[in-house]
Structure formats: structure tokens, C-alpha cells
Amino acid sequence: MTMTNRQPQLSIQNFQKIFKTGDGVKGVSLDVFKGELVTLLGPSGCGKTTVLRAVGGFQEPDSGDILIEGKSVLKVPPEKRPTAMVFQSYNLWPHMTVYDNLAFGLKIRGRKKEEIRAAVDKVLHLVRLPGTENKMPSQLSGGQQQRIAVARALLLDPAVLLLDEPFSALDAKLRLEMREELREIQSSTGLTMVFVTHDQEEALSISDRIVVMNSGRIEQLDSPQRIYDHPESLFVAQFIGRMNFLPAQGEGSVVDIQGRRFAVERPVEGAVTAAIRPEDIVLLDGEEAKDQLSFQATIRQVMVLGHYAEVTADTVAGPIKLFVPREQAAALEHGQSVPIGFMRVTAFHR
Ligand code: ATP
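With an unreviewed UniProt entry as reference, the protein is termed ABC transporter ATP-binding protein, source organism Paenibacillus aestuarii.

**Here we look at the overall build of the protein**
A tally of helices and strands in the protein yields 9 helices and 18 strands. Projected onto its principal axes, the C-alpha coordinates of the protein cover approximately 80 × 45 × 40 Å. When the 350 residues of the protein are sorted by exposure, 36% land in the buried category. Long-range pairs, those at least 24 residues apart, make up 64% of the contacts in the protein with a sequence separation of at least 6.

**Notes on the packing of helix H3 (residues 113-126) against helix H4 (residues 142-155)**
Direction vectors running N to C along H3 and H4 enclose 135°, while the axes themselves pass 9 Å from each other. Relative to H4, H3 is oriented oblique. Seen from above, H3 lies across H4 with right-handed handedness. Between H3, through Ala119, Val123, Leu124 and Leu126, and H4, the contact on the second element is made entirely by Ala151, Leu154 and Leu155.

**Here's the deal with the domain arrangement of the protein**
Under the domain assignment, the protein is made up of domain 1 (10-237) and domain 2 (242-349). Computed from C-alpha atoms alone, the centre-to-centre distance between domain 1 and domain 2 is 39 Å. In this complex, domain 1 contributes 5 residues to the contact, which on the side of domain 2 involves 6 residues. Residues of the side of domain 1 that touches domain 2, tallied by class, amount to 3 nonpolar, 2 polar and no charged.

**Overview of helix H5 (residues 172-189)**
The end-to-end C-alpha distance of H5, which contains 18 residues, comes to 26 Å, matching closely the 26 Å that a straight helix rising 1.5 Å per residue would cover. Along H5, the residues that are buried comprise Met178, Leu182 and Ile185. All buried residues of H5 project into a common sector of 65° when viewed along the axis, lining one side. H5 presents Ala172, Lys173, Glu180, Ser187 and Ser188 as exposed residues on the side facing more than 90 degrees away from its buried surface. Those residues of H5 that are buried lie in contact with H3, H4 and helix H6 (200-206). Among the residues trailing H5, Gly190 stands out with phi positive, at a value near 70°.

**Considering the sheet that holds strand S17 (residues 337-342)**
Spatially, S13-S17-S14-S15-S16 is the arrangement adopted by the 5 strands of the open sheet, whose pairing is antiparallel. The open sheet terminates on both sides in strands that have one partner only, identified here as strand S13 (281-283) and strand S16 (318-325). Each strand axis lies, on average, 45° off the axis of its neighbour in the sheet, ignoring direction. Sheet topology places strand S14 (residues 295-305) next to S17; 4 bridges connect them, and they run antiparallel. Opposite Gln296, over in S17, you have Pro339 as the bridge partner.

**Let's talk about the confidence of the model for the protein**
Confidence in the prediction of the protein, expressed as mean pLDDT, is 93, and 99% of residues score 70 or more. Interface scoring of the predicted complex returns ipTM 0.94; its pTM is 0.90.

**Re the UniProt feature "domain: ABC transporter" (unreviewed entry) in the protein**
If you check UniProt for "domain: ABC transporter" (unreviewed entry), the listed places come out as residues 10-240 in our numbering. From the first C-alpha to the last, residues 10-240 spans 26 Å; its make-up is 37% helix and 25% strand.

**Details of the nonpolar core**
Among the nonpolar cores identified, the biggest contains 91 residues, and Val55, Val194 and Ala274 are the most heavily contacted of them. Broken down by element, this core gets its largest block of residues, 7 residues, from H4. The residue makeup of this core includes at least three contributed by each of domain 1 (10-237) and domain 2 (242-349).

**Focus on the pairing of strand S4 (residues 63-68)**
As defined by bridge partners, strand S1 (residues 10-18) adjoins S4 across 5 bridges and the pair is classed as antiparallel. Within S4, the residue paired with Gln13 across the bridge is Asp65. Pairing of S4 with strand S5 (residues 71-72) involves 2 bridges; the strand directions are antiparallel. From the neighbouring strand, Leu67 faces S5, where its bridge partner is Ser72. The hairpin formed by S4 and S5 contains 2 residues between the paired strands, and Glu69 there has a positive phi angle of roughly 50°.

**Quick word on the sheet that holds S1**
The strands that make up a sheet pair up through hydrogen bonds in the backbone, lying either parallel or antiparallel. With respect to topology, 4 strands assemble into an open sheet ordered S2-S1-S4-S5, the strand pairing being antiparallel. The open sheet terminates on both sides in strands that have one partner only, identified here as strand S2 (24-32) and S5. Packing of helix H1 (residues 48-56) onto the sheet brings it into contact with S1, S2 and S4, and relative to S1 it is tilted by some 120°.

**Details of the site of the ligand**
The immediate surroundings of the ligand are formed by 13 residues, with Phe19, Asp23, Ser44, Thr49 and Thr50 found nearest. Counting residues per element, the shell around the ligand draws most heavily on H1, at 3 residues. Class assignment of the residues belonging to the shell around the ligand gives a composition of 2 nonpolar, 9 polar and 2 charged.

**Brief notes about the environment of Glu165**
Note on placement: Glu165 falls in the loop between strand S7 (160-164) and H5. With 32 residues separating them along the chain, Glu165 and Glu133 place their C-alpha atoms 26 Å apart. Not counting residues up to four positions away in its chain, the partners in contact with Glu165 are Gln88, Val196 and Thr197.

Parameters at a glance
- Residues numbered from 1 in each chain as written.
- Predicted model: local features only at pLDDT ≥ 70, side-chain atom pairs only at ≥ 80, totals over all residues.
- Helix = DSSP H or I, 4+ residues; strand = E, 2+ residues; numbered from the N terminus.
- Buried ≥ 20, exposed ≤ 12 C-beta atoms within 10 Å, placed from the backbone.
- Contact = placed C-beta atoms within 7 Å.
- Axes fitted to C-alpha atoms, helices over the stretch in contact; angles between N-to-C directions.
- Parallel < 35°, antiparallel > 145°, perpendicular 65-115°, else oblique.
- Left-handed = near helix turned anticlockwise from the far one by under 90°.
- Domains from an automatic or database assignment.
- Nonpolar A, V, L, I, M, F, W, Y, C, P; charged D, E, K, R; others polar.
- Expected span 1.5 Å × (residues − 1).
- Arc of directions from axis to C-beta.
- Pairing = 2+ DSSP bridges.
- pLDDT = per-residue confidence, 0-100.
- UniProt positions renumbered as here; feature names shortened; annotations may be inferred.
- Core = buried A, V, L, I, M, F, W, Y, C linked by C-beta atoms within 7 Å.
- Near = placed C-beta within 6 Å.

Written out as C-alpha cells, the structure reads:
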């Protein structure tokens, strides 16, 4: 799908907001297209919430512009913006029934009673909670309350739905379920969403595109697959997924790690850091071990994690971790020396 000639649903243009402390957002530009789920991902304090709040109208920028469906919304107060926001804490009104919580926004917009009833009924089915109209929020579990909060936002029919760490208060299993549900809601409604999280696994699993942020700036903006397979900076390589880092020497399109030379995608020169994912390190058998690219690895620890094992080993280039299928791991012993190979190496200037 080419996105170049379409008007973005949301366009953040050189957004800046620096707080007195000197922290904040130092220039973020981002276009989000209709029906896309874009995640702002980064460590605590990187500025992702500030960007989201600015889109919702809760944070005024120092400079830059925010356009929704082609129109600047900077002068539009939050309640008039074509956005709706879901927070980590569900923010349901405790003294109102589920129905009244959901109907409120439509009532103040002057919708007819029958119309509201039908809309509430429809959205409760969408979030898989039909029949809960007369319950009070306190009678619902955390996950159910968050579903109601999502339903309430959906009822406002926003041009952009903003979600600020919406699942981080839920337990791990429920979080997984909610991710799937949000994806389903997105595909059935075609809604445009901006999602904030510091959880890389959550970002990788639900996003069409991910914005990795660091210290108020965008480090990389890409599909989850590309962010994982082709991190553009050492920061992204460190932040996303598991990674081994070994000192190396860049020689253009190859890097030298202790005398073994590996091709790399992006040319590098001089002292660099070579990055290798644990799943890209393999145990070699007899013949393959004669390969001049192989390393001897001394096994230090084998930790079986279900269908695979995480193995820690020492090499001349430094300590590494690799993932090994459980059957192979069973044969490994502490102190044993085994040949290994690197399937893929990425390199970064230090
Ligand atoms: P978290 O995940 O912890 O919420 P974040 O990436 O969402 O982090 P922001 O909340 O956007 O980060 O904050 C970015 C930086 O700006 C942080 O250093 C934060 O302390 C600072 N900051 C945010 N809001 C304010 C404020 N109102 N006054 C002063 N500093 C602020």
C-alpha cells in the first residue's frame, strides 16, 4: 500500500515542547494514515505522552503544528477536537452505570434516546460486554472496566483514537487478550489509532508502524518487522528485543570480529559495535565447524524456557547469549566447548 499521495489523518509537524527542566519533545514529525495503528514507543521520559497529550489538546506545543484531516487543531479545545483518549486508569464515573457512562458523551451532543441506546448496544457487543448496561463500574474487573473505557471513546466516533498505556494496569494474560481485541476493533471499525507504550513486545505485536523515541526525538519510524530486523541505531538495537553486542572493526561493507569477517547492510568504518540477535547464533556440527567464520563457545549456563533454551557462553569476542531448540540444549554441558556461527550481523558506530 502506498501512502505518499494520500492526506494523512493525523499530521504532527515539527512538534516541540521543552519543559523548564530542559526535558520534553525536541522536534517530532509524524504522519498517521486512516486506519493505521501507530505506536509511540520509548523509555520513561522520552516524550511519548507529551506528544499524545498534545494531539488530544491537553498540552500546548512551543512550536510546530498538529493537523487532523488536513486542519490545524491547535486552537481547538480538547472537548471539541475530533479525538478521544483512553488512559491507563479507566476514568469511568464510579456513581454511574455502564450505560450512563457510555451514553453521557452522546447525550451532551444532543443525540436521540433510541439512537443512543442502539449505539451503546452496538459498542458493548464490539467490546464483548453485552448485557452489562446496568452494572456499576465497581462490579466489573479491571479488564472489563478498560473495555468500557475503550467503548466510551469509540462512541465519540473520533477521527483519531489516542491510547495512553491503556493496558499497563492489567495482568499479563489479560494484556495479551486486550491487544488482540484492540486489533480486532481496529480492523472492524477502520479507526485510526495512536498508542503509547513503553512495552516493546506490546508495540511489536499490535502496531502497523512504530515510532521509537529517545530523549524527545524520533530514533526510528518503521514497521515492527523492520524495527526488529533493521534497527537504525544502537539505541533501537538495545531497546528492541534481545541483542548481543561485541566489539568489532568496520571495514566498509564488512566487519571484523576477532579475525572473522561478516557482511553488514550498512557500511561502517573503524571501531564499531557488532550486534547479533540470540536467534541468529547457531550451534554448528562437525563439518560446518571447519568454517573459518565459526567461533568456539564455552557453555556457561543453559536455561530451558519451554520449547527453547537460553544459553550463555563465552567466546574470544566476549560473552554471548543464544537461543537453542530444547532437544539440542539437552546435550550441552557446563564448560563444554562448541562451535557456533553468526547468521546475521549488524554494526553501529559507537
Ligand atoms: P512516561 O512513560 O514515564 O510517561 P514519557 O515518554 O511519556 O514517559 P513524557 O511524560 O512525555 O514522557 O515526559 C517527557 C519529559 O518531559 C520527561 O522528562 C518529563 O519529566 C518531562 N515533563 C513532562 N510533563 C512535564 C511538565 N508538565 N512539567 C515539567 N516537565 C514535564
